[in-house]
Amino acid sequence: LIYLFVLVGFICYWFIDVNSNEETSEKPFWRKIQVASFFFYSILMGELIGSSDLAASLIVHFLALSSIIFHMAGMNHIFHHWHPSFFHRKMRWLLALGIMLGASGGILDLFSKPVIGLATAFMGGAILMNVIYYEMPKERGDKTYPFLGGVLAFALIISYLRYVAN
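Here the structure is a predicted model, which is why all the values come from computation and not from measurement.

Here we take up the overall build of the protein chain. Helix and strand counts for the protein chain come out as six helices and zero strands. Listed N to C, the secondary structure of the protein chain is α-α-α-α-α-α in terms of helices and strands. Within the protein chain, the fraction of its 166 residues that count as buried is 30%. Looking at the protein chain alone, contacts between residues at least 24 apart form 71% of all its contacts between residues at least 6 apart. Here the protein chain displays about 11000 Å² of accessible surface, and carbon together with sulfur accounts for 73% of that area.

Right, dumping it as structure tokens:
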């Protein structure tokens, strides 16, 4: 079931991206769907922050929060590049609201674990599509080393959190 949600997320984000690309002023519906998907992604990121194990060490929280902050900063840079005016007027506030709502829901344990798992799988598919489409093409070779550096840093942080900190 999880793989099915990954596949559906991959296909849905591809469809949204194709329909909201470039001339979005002619396609406002797809722009709204794209923004809503990033809003829900922000909620998931916030839930990850809010539901973290409070008994974990300070270094674990620092590493997890740092990786999320760097990731969100990268997303903000991309959104500012794609939609500068809209990003400054509305989108940055929607992303911040999503993180706050997700963190609040995580702290209060409002989200069911199976729903979070399936939503994460769905968004994982969307992320895969995004990475394949934007980070891996040969004509964008200048992004290869930063991408691989990010993958390595993320792998080291996850490995530390999973195997050393526990």
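Next comes the rest of the write-up.
Counting 18 residues, the largest nonpolar core has Phe38, Met75, Phe79, Met91 and Leu95 as its most contacted members. When residues of this core are traced back to their parent elements, those giving at least two are helix 2 (28–50), helix 3 (58–82), helix 4 (84–107) and helix 5 (113–135). The greatest single-element share of this core, amounting to five residues, is contributed by helix 2. For Phe79, the residues in contact, after removing those within four places along its chain, are Phe38, Pro84, Phe87, Met91 and Leu95.

Looking now at the packing of aromatic side chains. Within the structure shown, the criterion is met by three aromatic pairs. Plain terms: the ring middles of Phe38 and Phe79 are 4.5 Å apart, the flat faces sit at 70° to each other, and that makes the pair edge-to-face. Of this pair, Phe38 sits in helix 2 while Phe79 sits in helix 3, and the two are 41 residues apart along the sequence. Taken individually, Phe38 and Phe79 each receive the classification buried, so the pair is uniform in this respect. Among the aromatic residues, those joined into a ring-pair cluster are Tyr13, Phe38 and Phe79.

In this section: a nonpolar patch on the surface. A cluster of nonpolar side chains, contributed by Leu1, Leu4, Leu7, Val8 and Ile11, occupies part of the molecular surface with about 480 Å² of accessible area. Residue position: Leu7 is located in helix 1 (residues 2–20).

On to the packing of helix 3 against helix 4. For any two helices packed against each other, one specifies the crossing angle of their axes together with the interaxial distance. Packing of helix 3 against helix 4 brings their axes to within 8 Å, and their N-to-C directions diverge by 155°. Accordingly, the angle class assigned to the pair helix 3 and helix 4 is roughly antiparallel. Judged by the sense of rotation from one axis to the other, the crossing of helix 3 with helix 4 is right-handed. Of the residues in helix 4, those touching helix 3 at Met72, Asn76, Phe79, His80, His81 and Trp82 are Pro84, Phe87, His88, Met91, Leu95 and Ile99. Per-class residue counts for the contact of helix 3 with helix 4 are eight nonpolar, four polar and no charged.

With that out of the way, let us pick up helix 4. Over its 24 residues, helix 4 extends 33 Å from the first C-alpha to the last, a length consistent with the 34 Å expected when each residue adds 1.5 Å. Considering bend angle alone, the principal kink of helix 4 is centred on Lys90 and spans about 50°. Of all the residues in helix 4, the buried ones are Phe86, Phe87, Met91, Leu95, Gly98, Gly102, Ala103, Gly105 and Gly106. The secondary structure elements touched by the buried residues of helix 4 are helix 2 and helix 3. Residue Asp109 follows helix 4 closely and has a positive phi angle near 55°.

Cut-offs used in this document
- Residues numbered from 1 in each chain as written.
- Predicted model: local features only at pLDDT ≥ 70, side-chain atom pairs only at ≥ 80, totals over all residues.
- Heavy atoms only, no water.
- Helix = DSSP H or I, 4+ residues; strand = E, 2+ residues; numbered from the N terminus.
- Buried < 20%, exposed > 50% of the residue type's maximum accessible area, 1.4 Å probe, protein only.
- Contact = heavy atoms within 4.5 Å.
- Areas by Shrake-Rupley, 256 points an atom, 1.4 Å probe, with all protein chains shown as cover.
- Core = buried A, V, L, I, M, F, W, Y, C linked by side-chain atoms within 4.5 Å.
- Phe/Tyr/Trp six-rings, centres within 6.5 Å; stacked < 30°, edge-to-face > 60°.
- Patch = residues over 30% accessible without salt bridge, like charges linked within 9 Å, V, L, I, M, F, W, Y side chains within 5 Å.
- Salt bridge = Lys/Arg side-chain N within 4 Å of Asp/Glu carboxyl O.
- Axes fitted to C-alpha atoms, helices over the stretch in contact; angles between N-to-C directions.
- Parallel < 35°, antiparallel > 145°, perpendicular 65-115°, else oblique.
- Left-handed = near helix turned anticlockwise from the far one by under 90°.
- Nonpolar A, V, L, I, M, F, W, Y, C, P; charged D, E, K, R; others polar.
- Expected span 1.5 Å × (residues − 1).
- Bend = angle between axes of the 7 residues up to and from the residue.

In short, geometric facts, not functional conclusions.
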